[in-house]
Amino acid sequence: MSEKIEKSSQQDLILDVRDLKINIELDEGTLTAVRGVNFSIRKGETLGLVGESGCGKSLTSKAILGINDKKCKTTGEIIFDTNDHGMMNLLDLKPKGKEIREVRGKQISMVFQEPMVAFSPLYTIGNQINECTRLHITKDKKKSKEISLEMMKKVGIANAEKRYDQYPHEFSGGMLQRALIAMALVCNPKLLIADEPTTALDVTIQAQILELMKELQKDLNMAILFITHDLGTVAAMCDRVAVMYLGKIVEIAPVKDIYANPMHPYTQGLIGSVHKIGTKNQERLFSIEGTVPLALNLPPGCGFYDRCHKRIEGVCNVKEPELTEMSDGHMVACHACAGGCKGCSQGVQTTENRKGEEEDV
Amino acid sequence: MEINHLTKDFPSKKVCVHAVSDVSFEVNEGETIGIVGESGCGKTTMGRCVVRAIPATSGEVMYYPAEGEPVNFLTIDKAKMKELRKDIQMIFQNPYSSLDPRMTVVDIIKEPLMANFPKMSKEEMEEKVMDIAAKVGLNVSYLKRYPHAFSGGQRQRIGIARALVLKPRVIVCDEAVSALDVSIQAQVINLLKDLQREMNLTYIFISHDLSVVEHISDKVGVMYLGKMVEYAETESLFTRPRHPYTEALMSAVPVADPEIKLDRIPLAGEIPNPANPPSGCYFHTRCRYCKDKCKEAAPEYREIETGHYVACHYAEELMLRGFNYEETADNGN
């Protein structure tokens, strides 16, 4: 039985990122922006990638599409289940070659952060959505317009025929984000990368867009890699969450697990620093001291060492922790949680206690 | 401080945009007033009018100085203005664009002192700058650097130091933490709260982030299309909202807890054009309780309970959904 499940989950795998590293050469030295990231996405799943600015989440997502700057030296493997060739390592493909173009925009597409910046102000919205269909689906202008219009209606743009011929400046932020989603989805991609798609929007519009993305995901059965720093939207959108810090994934777990039982001190800090609306908590917010260090000439050991309140001298600043599975699907990279050394079994104990409580209930 | 019937119009050739119309509220010393609303609802414009960064079209901002008679901050003459301006300061939204890149941090923080106390000795100024910089948690040895060498959170601290150096009584924070990462946001919010306690500051905290506002404010005002639609104590507003817009706004906020299933109240469409607002109640085009009366007559802004003001015809009848503090607290445990 379990073998079957394993097999099916293997088959369902749509994207598998293995040991992805991105280095950027600067005058001052090498910036290790992404330092060995592993994750995978199954069909129809939403994986949230959470972290503060500068932690490498955007670089990771752009590496999947191969649209990073030339300066970024990328190594590792990005295995994607392509339509024609089966499993393929996208990093082997030439960044400007024909094969990656088949994938980019058609099978994997991206929704960018700032809808106002993502569109060219010189072309009409219809023209820009059309570009994608003409490249990937049909050369027939009439047909491609039909497809584009249909998609615009699907994402809830009222008056699509009229809107088709308008320019980006005539759209409001929310409408423009819808148009951007339409552009990303028009070729029915298998994987959608959404890089902070709602950060620039008002809460009411944000709620609309999130609902829309969920609906479309169900309709089209696509997987979403949802990149954000907002833990609220993650809770509403994702099935699994990966927390990134300083170019590494420090914790990855199903969404319910990560909020109920965050293990890594960084994750705990992140969740603690958000005021939960509707709770009458007027006390001080938990805050993580200091700021994210620059990934230049990093010292050995855990990247979070300087800011961590559970750090163990002589362990955490000597050896880098590895991602280890603590419970089903819940992986953490932290010495203090792993319980492999003296005086730091606290993390493990609390999780065991909690488990016990749950069983009692 | 008391704000009465504050109005700001931006006239253009064809139309007149009523960015802020007839907003009134009171601010007591040592309090934090949160102002929330969607972008384009006029909350920033209101904040700027209060500090007189832009002139208001009509209305008054009554300010009660520590000594002397209350004055209308919007109409006082230049000399008096100079005297009182140091009492009311502002922290801006974007820490990347509100600091002059060609000035060192010391100069940035010192600038308000030079403008307001030209006769103060250099040593005294330096001392004051160091004092305030240490208070907001800036490393004093870095003060000779330029803003580009600082991170977002540090820059926001510089902005706060600049506002505080004159020892003001009222600070208008316009989206002071919106541009920051969550962990830094928490640091800055804690800092603002500590400073408030220490220096007995009064904040007018403008933000679109309801959870931040709920955390920091004693009273909250909700703005829609330039009008205040609801104003009440924080707890009263969040547990028992009286205006349908407040209810919808609150239901749209994503809660950082997957266990809480959101029952969103969909708010169709977008904020209407303030140059051409709808008739009657401005909110009727998006309101799910809309009745005929709403389309015709504008509702009166009235006190429905002690300290709870609302502008809706049916505020008394509607049973709107808020947050149940006790229930969510149990869930949290």
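Residues numbered from 1 in each chain as written. Chains lettered and ligands numbered in written order. Predicted model: local features only at pLDDT ≥ 70, side-chain atom pairs only at ≥ 80, totals over all residues. Heavy atoms only, no water.

With that settled, consider the overall build of chain A. Across its full length, chain A holds 14 helices and 12 strands. Long-range contacts, defined as pairs at least 24 residues apart, comprise 63% of the intrachain contacts of chain A with a sequence gap of at least 6. (Helix = DSSP H or I, 4+ residues; strand = E, 2+ residues; numbered from the N terminus. Contact = heavy atoms within 4.5 Å.)

Looking only at helices and strands, one finds 11 helices and 12 strands in chain B. Out of the 333 residues belonging to chain B, those deemed buried represent 56%. Within chain B, residue pairs in contact and separated by at least 24 positions form 62% of the contacts whose partners lie at least 6 positions apart. (Buried < 20%, exposed > 50% of the residue type's maximum accessible area, 1.4 Å probe, protein only.)

Residue and element names in this part refer to chain B. Taken in spatial order, the 8 strands make up an open sheet running β6-β7-β8-β3-β9-β10-β12-β11, and their pairing is mixed. The sheet terminates laterally at β6 (88-91) and β11 (302-305), the two strands that pair on one side only. The mean inter-strand angle of the sheet, taken between neighbouring strand axes irrespective of direction, is 20°. In this structure, strand β10 (residues 227-233) lies alongside strand β12 (residues 308-310), joined through 2 bridges in antiparallel fashion. Opposite Y231, over in β12, you have Y309 as the bridge partner. Sitting on the sheet, helix α5 (residues 152-164) touches β6 and β7 (170-174), and the angle it makes with β6 is about 175°. Of the strands in this sheet, β9 (219-224) and β10 touch helix α9 (residues 244-252), which is tilted by about 100° from β9. (Pairing = 2+ DSSP bridges. Axes fitted to C-alpha atoms, helices over the stretch in contact; angles between N-to-C directions.)

Further remarks concern the environment of A:G301. Residue and element names in this part refer to chain A. With respect to the helices and strands, the residue G301 is situated in the loop between α12 (265-272) and β11 (324-327). Residue class for G301 comes out buried when judged on its relative accessible area of 5%. Separated by 20 residues in sequence, G301 and P321 place their C-alpha atoms 7.3 Å apart. Apart from the residues lying within four places of it in its own chain, the contact partners of G301 are C316, N317, V318, K319 and E320.

What follows deals with helix α6 (residues 141-154) of chain A. Within an α-helix, residues lying three or four positions from one another point in the same direction, as the helix has 3.6 residues per turn. All names here are of chain A. Taking 1.5 Å as the rise per residue, α6 with 14 residues should run 20 Å; its terminal C-alpha atoms sit 20 Å apart, in good agreement. Looking at α6, one finds that the buried residues are S144, S148, L149, M151 and M152. The buried residues of α6 occupy an angular sector of 160° when projected down its axis, which confines them to one face. Pointing more than 90 degrees away from the buried face of α6 are the exposed residues K142, E146 and E150. Against the buried residues of α6 lie α5 (125-136), α7 (160-164) and α8 (173-185). The N-capping residue of α6, defined by a side-chain oxygen 3.1 Å from the backbone nitrogen of K142, is D140. (Expected span 1.5 Å × (residues − 1). Arc of directions from axis to C-beta. Polar contact = N/O pair within 3.5 Å; in protein donor to acceptor, adjacent residues only side chain to side chain.)

Residues and elements named next belong to chain A. Taken in spatial order, the 4 strands line up as β2-β1-β4-β5 in an open sheet, and their pairing is antiparallel. Taken across any chain shown, the strands that pair with only one partner, and hence form the sheet edges, are β2 (29-42) and β5 (86-89). When the angles between neighbouring strand axes are averaged without regard to direction, this sheet yields 5°. Sheet analysis places strand β1 (residues 13-26) next to strand β4 (residues 72-82), joined by 8 bridges and oriented antiparallel. Bridging from a neighbouring strand, V17 pairs with I78 of β4. Along the sheet, helix α2 (residues 57-65) contacts β1, β2 and β4; its crossing angle with β1, the most-contacted strand, is approximately 115°.

All names here are of chain B. Under the counting rule described, the total for this entry stands at 9 aromatic pairs over all chains. With centroids separated by 5.9 Å and ring planes inclined at 35°, the aromatic side chains of F25 and Y231 adopt a geometry described as tilted. Placement of the pair is F25 in strand β2 (residues 16-26) and Y231 in strand β10, with a sequence separation of 206 residues. Of the two residues examined, F25 and Y231, each falls in the buried class. Seen from their ring centres, Y224 and F283 are 5.1 Å apart, and the 85° between their planes marks the pair as edge-to-face. Residue Y224 is found in strand β9, and its partner F283 is found in the loop between α9 and α10 (292-296); the two are separated by 59 residues along the sequence. The two residues Y224 and F283 agree in class, both being buried. Put simply, the rings of F25, Y231, Y301 and Y309 pair up and form one aromatic cluster. Across the ring face of F117, the terminal group of K128 is positioned such that the distance to the ring centre comes to 5.9 Å. (Phe/Tyr/Trp six-rings, centres within 6.5 Å; stacked < 30°, edge-to-face > 60°. Lys NZ or Arg CZ within 6 Å of the ring centre and 35° of its normal.)

We now examine helix α4 (residues 122-135) of chain B. Residue and element names in this part refer to chain B. Across its 14 residues, α4 extends 20 Å between first and last C-alpha, which sits within 8% of the 20 Å expected from 1.5 Å per residue. M125, V129, I132 and A133 are the residues of α4 that are buried. End-on view of α4: buried residues confined to an arc of 105°, all on one side of the axis. Set apart from the buried face of α4 by more than 90 degrees, the exposed residues are E123, E127 and D131. Those residues of α4 that are buried are in contact with α3 (105-116) and α5. Of the residues trailing α4, G137 is marked for its positive phi of about 85°.

All names here are of chain B. The topology assignment puts R162 in helix α5. For the buried R162, no salt bridge exists, and the shortest N-O distance to an oppositely charged side chain is 5.2 Å, to E111. Of the polar contacts made by the side chain of R162, one reaches the backbone oxygen of S98; its length is 3.2 Å. Other than its neighbours up to four places away in sequence, R162 contacts F92, S98, L99, I108, I109 and P112. (Lys, Arg positive; Asp, Glu negative; His and termini not counted. Salt bridge = Lys/Arg side-chain N within 4 Å of Asp/Glu carboxyl O.)

So, about the side chain of B:R169. Residue and element names in this part refer to chain B. When you line up the elements, R169 lands in the loop between α5 and β7. Of note is the side chain of R169, whose polar atom sits 3.4 Å from the side chain of E29. Those residues within four positions of R169 in sequence are excluded, and the remaining contacts are E29, Y63, Y64, P65, A66, D87, N200, L201 and T202.

The next subject is the pattern of salt bridges. Residues and elements named next belong to chain A. In this structure the tally under the stated criterion is 17 salt bridges over all chains. A salt bridge links E320 to K248; the shortest N-O distance between them is 3.6 Å. Of this pair, E320 sits in the loop between α12 and β11 while K248 sits in strand β10 (residues 248-254), and the two are 72 residues apart along the sequence. We classify E320 as partly exposed; its relative accessible area is 28%. In this structure K248 comes out as partly exposed when scored by relative accessible area, which is 22%. Bridged by salt links that share partners, the residues R35, K248 and E320 form one connected network.

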